[in-house]
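These are the residues of each chain, in order.
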Amino acid sequence: MKWDTCDASVQYLLHLGDDALVLGHRLSEWCGHGPILEEDIALSNLALDLVGLARQYYRLAAKRIGDGMTEDRIAYWRSDREFLNHVLVEQPNGDFGDTMGRQFYFDAFHYLQLEALQHSSDAELAAIARKALKETTYHAEHSSEWIVRLGDGTDESRRRITASLARMWPFTSELFTPSEVDRAAHAAGWGPDVAALHGPWLDLVRDVLQQAGLSLPETPAKLLRGKSGIHSESLGFLLAEMQSLPRAYPDATW
Amino acid sequence: MDLGIVRGVRVEDEVCHVDLSPTYTGCPATERIERDVREALEALVGEGHVRIRTVLDPPWTTDWISEEGLRKLEAYGIAPPPRRSTDKRSLLKLHQPLVCPKCRSAHTERVSAFGSTACKALHRCLDCLEPFEAFKCI
């Protein structure tokens with residue numbers, strides 16, 4: 001299967017699904033390790049929502065590829081060069097502040113992206129987005145509330161969340177830099193111009209940071225090409241773990 | 001049916017077609033529900049005569065839960081979701097106090113937006129002090 005030359009609409013679905021699967025997997029790593037019980041449950045719920053969303057995108061992609069392709073083959077049998085997620089979502093969980101910083105930046109983007117995708121000219125994609133938007137609104141509310149609580153909290157929480165937000169900031173530039181897949185999707189009317197989402201995203205982010213008593217980080221942007229399959233070393237380790245079971249037992253069924 | 005998951009049933013050329021609308025995107029019960037529906041119908045019309053279709057659009061909303069469904073949820077101890085849930089403002093105002101399914105007091109608070117399953121939030125009654133779950137508006 002030549003993943004990089006398959007149909008443009010399939011590549012777009014893989015990109016969308018990969019963001020959801022990789023971030024969902026990262027969040028699932030918190031299960032059993034959350035700082036408090038309610039947050040352990042919250043992070044697991046977020047992970048479940050995201051993995052479910054990945055399955056929707058992958059299922060649609062598999063249908064379009066045909067030839068017996070399945071969502072499992074897409075999730076478990078591609079290598080890191082074939083994954084099209086943003087480098088932001090593969091970043092390790094770090095401490096709770098790092099996880100919330102990463103989540104906050106992504107949720108605000110995801111909300112805007114899904115809002116646009118509801119109107120996709122690809123009706124099947126629009127249906128998935130319309131449904132996911134409701135759940136993502138809860139995600140965005142959750143991460144925003146934590147940024148406010150941690151920023152407007154104790155001296156330690158403020159110091160640590162400030163460091164986390166600065167650490168994750170350079171990865172956000174990729175969200176608004178269109179890849180070839182983004183450009184093809186936008187030209188076909190399937191998806192938004194991601195560069196145009198930058199303004200509204202900054203408004204959302206600034207608003208929450210202000211409530212938290214924090215300022216916009218100034219760490220310089222990174223040039224990243226996760227959406228073209230060029231990833232940080234973190235994704236390799238993530239996939240090695242995530243894909244280890246089906247690769248060890250290829251004929252296993254649930 | 002009371003949850004509004006079954007969107008349509010029709011018989012065509014000796015095949016029973018059912019449209020199901022999944023509730024939450026990641027809901028693990030979706031496949032179980034599909035299997036239960038298939039088994040129940042196959043018991044009536046025989047294997048090979050049932051086709052189940054997943055319909056994502058229009059997206060399932062808590063507004064599709066029938067009055068009977070709401071009553072059953074409450075009897076089970078789960079506070080029903082407020083109506084008109086597609087209003088974005090109601091999505092963000094999860095802090096509207098709900099009625100405690102045990103003692104019926106409205107003096108309640110939300111503990112967490114994330115409960116034991118994707119579709120529920122955790123609340124607590126400040127009068128009888130019992131925790132209860134609430135079906136989240138979507």
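Refer to the preceding data block for the structure.
Everything in this summary refers to the structure shown in the same document. (Residues numbered from 1 in each chain as written. Chains lettered and ligands numbered in written order. Predicted model: local features only at pLDDT ≥ 70, side-chain atom pairs only at ≥ 80, totals over all residues.)

What follows deals with the overall build of chain B. Counting secondary structure elements, chain B contains 3 helices and 7 strands. Helices and strands appear in chain B in the N-to-C order β-β-α-β-α-β-α-β-β-β. When each of the 138 residues of chain B is scored for burial, the buried share is 26%. (Helix = DSSP H or I, 4+ residues; strand = E, 2+ residues; numbered from the N terminus. Buried ≥ 20, exposed ≤ 12 C-beta atoms within 10 Å, placed from the backbone.)

This paragraph deals with the interface of chain A and chain B. Taken together, the contacts link 21 residues of chain A with 16 residues of chain B. Within the residue set of the side of chain A that touches chain B, elements represented by two or more residues are α2 (37-65) and α6 (123-151) of chain A. No other element matches the 11 residues that α6 of chain A contributes to the side of chain A that touches chain B. Among the residues making up the side of chain A that touches chain B, the classes are represented as 9 nonpolar, 5 polar and 7 charged. (Contact = placed C-beta atoms within 7 Å. Nonpolar A, V, L, I, M, F, W, Y, C, P; charged D, E, K, R; others polar.)

Time to look at the pairing of strand β1 (residues 6-12) of chain B. Counting buried residues in β1 of chain B gives 0 out of 7 residues, a small share hidden from the surface. Hairpin connection from β1 of chain B to strand β2 (residues 15-20) of chain B: 2 residues lie between these consecutive antiparallel strands, with Asp 13 of chain B at a positive phi of about 50 degrees. (Pairing = 2+ DSSP bridges.)

Attention now moves to the sheet that holds strand β4 (residues 78-79) of chain B. All names here are of chain B. The strand order β4-β7-β6-β5 describes an open sheet built from 4 strands, whose pairing is mixed. Looking along the sheet, the strands with just one partner apiece sit at the ends: β4 and β5 (108-112). Direction of pairing for β4 relative to strand β7 (residues 131-135): parallel, over a ladder of 2 bridges. Looking across to β7, one finds that Ala 79 is bridged to Ala 134.

So, about the packing of α6 of chain A against helix α7 (residues 155-168) of chain A. All names here are of chain A. Their axes nearest at 7 Å, the elements α6 and α7 cross at an angle of 130 degrees. On the basis of the axis angle, α6 is oblique to α7. Taken together, the residues of α7 that come into contact with α6 (itself represented by Ile 147, Leu 150 and Gly 151) are Ser 157, Arg 158 and Ile 161. Looking at the contact of α6 with α7 residue by residue, the class counts come to 3 nonpolar, 2 polar and 1 charged. (Axes fitted to C-alpha atoms, helices over the stretch in contact; angles between N-to-C directions. Parallel < 35°, antiparallel > 145°, perpendicular 65-115°, else oblique.)

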